[in-house]
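Now for the letters of each chain:
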Amino acid sequence: MPRFPLCAAILAAASAHLAAAPPEFATIFADSMVLQRDAAAPVWGRAEPGKSVTVVIAGQSATATADAGGRWKVTFTPISPPPDNASQTMTASADGETATISEILIGDVWICAGQSNMAFRLNRDEDGATAAAAANDPLIRICDVGGRRTDLGEPTPDDLESADWKIAGPETVPNFSAVGYYFARDLRKSARVPIGLIDTSVGGTPMRCWMSRKTLESDSILRPQVATYDEEIRNRPERVEKYERQLAAYEKRGKTGQRPYAPKPLNSSYRLAYFHDSVIAPLQPMAMKGVIWYQGEADSGRHATFRHQFATLVAEWRGEWARGDFPWLFVQLAPFSEPTGRQFPLVWEAQEKSMEIPNSAMVVSLDSGEAKNIHPPHKAAIGARLALAARALAYGETTAWRAPVFGQMAKRDGKIFIRFKDTGDGLTAGKDGLKFFTIAGPDRKFVPAEAEITGKDTVAVSSSKVPHPAAVRYGWYEKRAPVGASLFRKDGMPAAPFRTDDWADQ
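Everything quoted here is computed from the prediction, not taken from an experiment.

## Here we look at the nonpolar core
Next, step 1: The biggest cluster of nonpolar side chains holds 145 residues, and the ones touching the most others in it are Ile28, Phe29, Trp72 and Trp293.
Next, step 2: When neighbours within four sequence positions are excluded, Ile28 is seen to be in contact with Met33, Cys143, Val145, Leu160, Ala163, Trp165, Ile198, Leu283 and Met286.

## Concerning the sheet that holds strand S19 (residues 447–448)
Next, step 1: In spatial order, the strands read S19-S18-S22-S24; together these four strands make up an open sheet with antiparallel pairing. Edge positions in the open sheet fall to S19 and strand S24 (498–499), since each of these has one partner strand only.
Next, step 2: As judged from the four bridges shared by strand S18 (residues 437–440) and strand S22 (residues 471–474), these two strands associate in the antiparallel manner. For Phe437, the partnering residue across the bridge sits in S22 and is Tyr474.

## Remarks on the pattern of salt bridges
Next, step 1: Applying the stated criterion across every chain yields a total of 23 salt bridges.
Next, step 2: Put simply, Asp108 and Arg37 hold a salt bridge, and the shortest N to O gap is 2.8 Å. Remark: Arg37 occurs in the loop between strand S2 (34–36) and strand S3 (41–46) and Asp108 occurs in strand S8 (residues 97–114); sequence separation between them is 71 residues.
Next, step 3: Residue Arg37 is classed as buried on the basis of its relative accessible area, which comes to 17%.
Next, step 4: Arg213 is the salt-bridge partner of Glu217, the closest N and O atoms lying 2.9 Å from each other. One end of the pair, Glu217, and the other, Arg213, are both in helix H5 (residues 213–217), four residues apart, so they sit about a helical turn from each other.

Quick notes on the rules
- The residue numbering used here restarts from 1 in each chain and proceeds along that chain's sequence as written.
- Where totals are concerned, whole chains, interfaces and linings use all residues; where local detail is concerned, this predicted model gives features only for residues with pLDDT of at least 70, and gives and counts side-chain atom pairs only at 80 or more.
- The basis for every side-chain value is the complete set of non-hydrogen atoms in the structure, without hydrogens or water.
- Buried residues of nine kinds, namely Ala, Val, Leu, Ile, Met, Phe, Trp, Tyr and Cys, make up a nonpolar core once their side-chain atoms join them within 4.5 Å.
- The buried label applies to any residue whose accessible area, calculated with a 1.4 Å probe on protein chains only, is under 20% of its type's maximum; exposed applies above 50%, and partly exposed to all values in between.
- Here, residues are in contact when the closest pair of their heavy atoms is within 4.5 Å.
- Here the rule is simple: two strands pair whenever DSSP picks up at least two bridges between them.
- The secondary structure listing takes helices from DSSP runs of H or I that are at least 4 residues long and strands from runs of E that are at least 2 residues long, numbered from the N terminus.
- Whenever Lys or Arg places a side-chain nitrogen within 4 Å of a carboxyl oxygen from Asp or Glu, that contact is recorded as a salt bridge.

Okay, structure coming up:
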């Protein structure tokens, strides 16, 4: 009997075995991750089309068949953390080939999202070195999946570029979000379960980067942003050519006169819907606890539509995740004396009104800003306040997370008396006294005011220059003016900036 047919068969079988590949988990599922506890937990990935994939974790087994595109997904019934928070192993097997993920903790997963002040690294924070040195909680896991900036012509990836989960420690946390780490550190003081953080933030991104084009186009208020963006794309070659001509002339005359303004970069920090599609969509429908959000600087010029767009973004993410109205905790922008005018206060106002979003919380950062630094290195208090809000909204604790906010006003004896809500045990002034209050009469011209705490929840505001006061503002500033906080609750929570009028900004 000839040997060659048998040899050929053996070689063919060997080749088939060598060609077989184990199934793959989606990028977010990796060693040292946290899997959301006590909730239906989808897990997905890729395999050869038609292959049956069996996934096993914590005594559960689930099987799915890869579709024509090679995609598979299983969903586990809720898993509770073991009493000792012991780590778990998850395997995915197909035709005898197995992929394994180790050191998985069962706990709560929080998404950190927004732009540069969320992306701001712990190693840049004023207390970052001390916090990093003391980072010794192995039940905190961190994962940075912030998208890579790409040029206009590059395609949008359908999975995360990377997701490197790490155990929080002195060598890992310095390069992670300062707000995110402080939030987890403080939350762990009361939450007796592991905490996983997924940082999706990217500096310079307006909200339109984090929303789908479909949602933007279908909204009559937001649709103009799509049209403006598309027009800028169409006109970009002409604008670049004009800029290059102007720059050549500027260089030729010895750099005198005004340097030409470069066209906006069209990398992915500017591309409409890009980070929604390349970062957020690949995370869905991963089980998670909630979102902490710090964004708005890039939308300060859109304060008229800010509130609507923010509510629309939250609704879109919640709808896509299909996990109900999960907690959404957001940071009111830190003050910054922007040179182009008074825009941040108008965003503050829109953000405060956004507290109408169900199951949301706004934390105040008026005491954390710097007049000339849009990225103030004071993130510990912000993380702590987010943790307080999370403990109330997500964990059912009774915490004093709400900042004092303007309630009502009354005019009497040439003064305006401001009554606040959520003042707890009472109000107190900062170390330099009450500042940043202004008052105006019927002429609508604001001048610096004197302020005095006259009760547990009341401040009297007046000025000898305004005998008939009509309105008060606190924290609202003129361009390039000093910024900050001076009014606090006795537990240190700063009062939110406010105005009693609805006058058009001057």
